[in-house]
Amino acid sequence: QVQLVESGGGLVQPGGSLRLSCGASGSFFSIADMGWYRQPPGKQRELVAAITSGGTTNYADSVKGRFTISRDNAKNTVYLQMNSLKPEDTAVYYCTAKISVSKLLIPNNYWGQGTQVTVSS
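In this report, the structure presented in the accompanying data block is examined. (Residues numbered from 1 in each chain as written. Predicted model: local features only at pLDDT ≥ 70, side-chain atom pairs only at ≥ 80, totals over all residues. Heavy atoms only, no water.)

**Digging into unusual backbone geometry**
The phi torsion at N76 lies on the positive side, around 55°, for a residue other than glycine. Topologically, N76 is positioned in the loop between β7 (67–72) and β8 (77–82). Positive phi, normally seen in glycine, also occurs at S84, with a value near 50°. Relative to the elements of secondary structure, S84 occurs in the loop between β8 and β9 (91–100). (Helix = DSSP H or I, 4+ residues; strand = E, 2+ residues; numbered from the N terminus.)

**Quick notes on the nonpolar core**
Grouped together as the largest cluster of nonpolar side chains are 29 residues, with contacts concentrated most on W36, L80, M82 and Y93. Contact partners of M82, with chain neighbours within four places excluded, come to G16, S17, L18, L20, R66, F67, Y93 and V117. (Core = buried A, V, L, I, M, F, W, Y, C linked by side-chain atoms within 4.5 Å. Buried < 20%, exposed > 50% of the residue type's maximum accessible area, 1.4 Å probe, protein only. Contact = heavy atoms within 4.5 Å.)

**Comments concerning the packing of aromatic side chains**
Applying the stated criterion across every chain, the model contains 1 aromatic pair. Residues Y37 and W111 carry aromatic rings whose centres are separated by 5.1 Å and whose planes lie at 65° to one another, so their mutual orientation is edge-to-face. One end of the pair, Y37, is in strand β4 (residues 30–39); the other, W111, is in strand β10 (residues 108–111), and 74 residues separate them in sequence. Take W111: its relative accessible area is 38%, and that puts it in the partly exposed class. Directly above the aromatic system of Y94 lies the positively charged group of R45, at a separation of 3.7 Å from the ring centroid. (Phe/Tyr/Trp six-rings, centres within 6.5 Å; stacked < 30°, edge-to-face > 60°. Lys NZ or Arg CZ within 6 Å of the ring centre and 35° of its normal.)

These figures capture arrangement, not role.
Dropping the structure here:
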(Lines give C-alpha, C1' and ligand atoms only; values in the text may rest on other atoms or scores of the structure.)
Protein backbone atom coordinates (compact mmCIF):
# COMPACT_ATOMS: atom_id res chain seq x y z
CA GLN A 1 0.00 0.00 0.00
CA VAL A 2 1.35 3.39 -0.99
CA GLN A 3 1.62 6.05 1.69
CA LEU A 4 2.81 9.64 1.78
CA VAL A 5 4.17 10.71 5.15
CA GLU A 6 4.80 14.38 5.89
CA SER A 7 6.94 16.02 8.54
CA GLY A 8 8.34 19.41 9.45
CA GLY A 9 5.33 21.51 10.37
CA GLY A 10 5.08 23.58 13.52
CA LEU A 11 4.84 27.04 15.03
CA VAL A 12 7.11 29.79 13.71
CA GLN A 13 7.28 33.55 14.10
CA PRO A 14 6.62 35.86 11.13
CA GLY A 15 9.74 36.11 8.99
CA GLY A 16 10.91 32.68 10.05
CA SER A 17 11.51 29.52 8.04
CA LEU A 18 10.32 25.94 7.99
CA ARG A 19 11.13 22.96 5.81
CA LEU A 20 8.47 20.36 5.05
CA SER A 21 9.31 16.86 3.87
CA CYS A 22 7.10 14.19 2.35
CA GLY A 23 8.27 10.66 1.59
CA ALA A 24 6.50 7.96 -0.38
CA SER A 25 6.61 4.43 0.95
CA GLY A 26 5.21 1.08 -0.09
CA SER A 27 5.34 -0.80 -3.36
CA PHE A 28 5.11 1.22 -6.57
CA PHE A 29 6.61 1.52 -10.03
CA SER A 30 7.16 5.25 -10.50
CA ILE A 31 6.33 8.74 -9.24
CA ALA A 32 5.44 11.50 -11.67
CA ASP A 33 4.41 14.96 -10.46
CA MET A 34 4.67 15.82 -6.77
CA GLY A 35 3.38 18.87 -5.00
CA TRP A 36 2.16 20.71 -1.96
CA TYR A 37 -1.31 22.10 -1.25
CA ARG A 38 -2.53 23.98 1.77
CA GLN A 39 -5.86 24.64 3.43
CA PRO A 40 -6.11 27.76 5.59
CA PRO A 41 -8.74 27.82 8.34
CA GLY A 42 -12.20 28.21 6.84
CA LYS A 43 -10.92 28.22 3.27
CA GLN A 44 -10.57 25.82 0.37
CA ARG A 45 -7.49 23.78 -0.35
CA GLU A 46 -5.13 25.55 -2.77
CA LEU A 47 -2.03 24.65 -4.73
CA VAL A 48 1.21 25.96 -3.23
CA ALA A 49 3.86 24.43 -5.48
CA ALA A 50 4.39 21.50 -7.82
CA ILE A 51 7.36 19.76 -9.41
CA THR A 52 7.58 17.28 -12.27
CA SER A 53 9.81 14.21 -12.30
CA GLY A 54 12.20 16.21 -14.47
CA GLY A 55 12.40 19.09 -12.02
CA THR A 56 10.13 21.69 -13.63
CA THR A 57 8.47 23.75 -10.91
CA ASN A 58 5.29 25.79 -10.57
CA TYR A 59 4.32 28.13 -7.71
CA ALA A 60 1.29 30.01 -6.51
CA ASP A 61 1.80 33.76 -6.91
CA SER A 62 1.45 34.25 -3.16
CA VAL A 63 4.58 32.19 -2.41
CA LYS A 64 6.85 33.00 -5.36
CA GLY A 65 10.27 34.15 -4.19
CA ARG A 66 9.68 32.81 -0.65
CA PHE A 67 9.03 29.08 -1.05
CA THR A 68 11.13 26.52 -2.92
CA ILE A 69 9.98 23.04 -3.89
CA SER A 70 12.49 20.29 -4.60
CA ARG A 71 12.61 16.52 -4.75
CA ASP A 72 15.03 13.67 -4.29
CA ASN A 73 13.97 10.94 -6.70
CA ALA A 74 16.33 8.41 -5.13
CA LYS A 75 14.57 8.88 -1.79
CA ASN A 76 11.06 9.31 -3.26
CA THR A 77 10.80 12.51 -1.27
CA VAL A 78 9.56 16.03 -1.97
CA TYR A 79 10.50 19.08 0.09
CA LEU A 80 9.08 22.55 0.60
CA GLN A 81 11.47 25.17 1.95
CA MET A 82 9.41 28.06 3.29
CA ASN A 83 11.19 31.35 4.05
CA SER A 84 9.91 34.79 5.07
CA LEU A 85 6.78 33.21 6.46
CA LYS A 86 3.70 35.37 6.99
CA PRO A 87 0.64 34.87 9.22
CA GLU A 88 -1.41 34.27 6.06
CA ASP A 89 0.72 31.18 5.36
CA THR A 90 -0.94 29.52 8.36
CA ALA A 91 -2.65 26.36 7.10
CA VAL A 92 -2.61 22.60 7.03
CA TYR A 93 -0.12 21.61 4.34
CA TYR A 94 -0.70 18.45 2.31
CA CYS A 95 1.69 16.75 -0.05
CA THR A 96 0.44 14.96 -3.12
CA ALA A 97 2.00 12.70 -5.70
CA LYS A 98 0.96 10.93 -8.90
CA ILE A 99 2.13 7.36 -8.40
CA SER A 100 1.94 4.35 -10.66
CA VAL A 101 1.84 1.09 -8.76
CA SER A 102 2.56 -0.80 -11.99
CA LYS A 103 4.01 0.15 -15.37
CA LEU A 104 0.77 -1.13 -16.91
CA LEU A 105 -1.44 1.25 -14.91
CA ILE A 106 -2.00 4.99 -15.17
CA PRO A 107 -0.87 6.97 -12.11
CA ASN A 108 -3.26 7.78 -9.27
CA ASN A 109 -3.20 10.78 -7.00
CA TYR A 110 -2.13 10.09 -3.43
CA TRP A 111 -2.31 12.50 -0.48
CA GLY A 112 -0.47 12.81 2.78
CA GLN A 113 -2.25 13.22 6.11
CA GLY A 114 -1.41 16.91 6.40
CA THR A 115 0.89 18.87 8.68
CA GLN A 116 -0.03 22.06 10.51
CA VAL A 117 2.00 25.22 9.89
CA THR A 118 1.22 28.16 12.17
CA VAL A 119 2.87 31.54 11.69
CA SER A 120 2.30 33.74 14.71
CA SER A 121 4.15 35.97 17.14
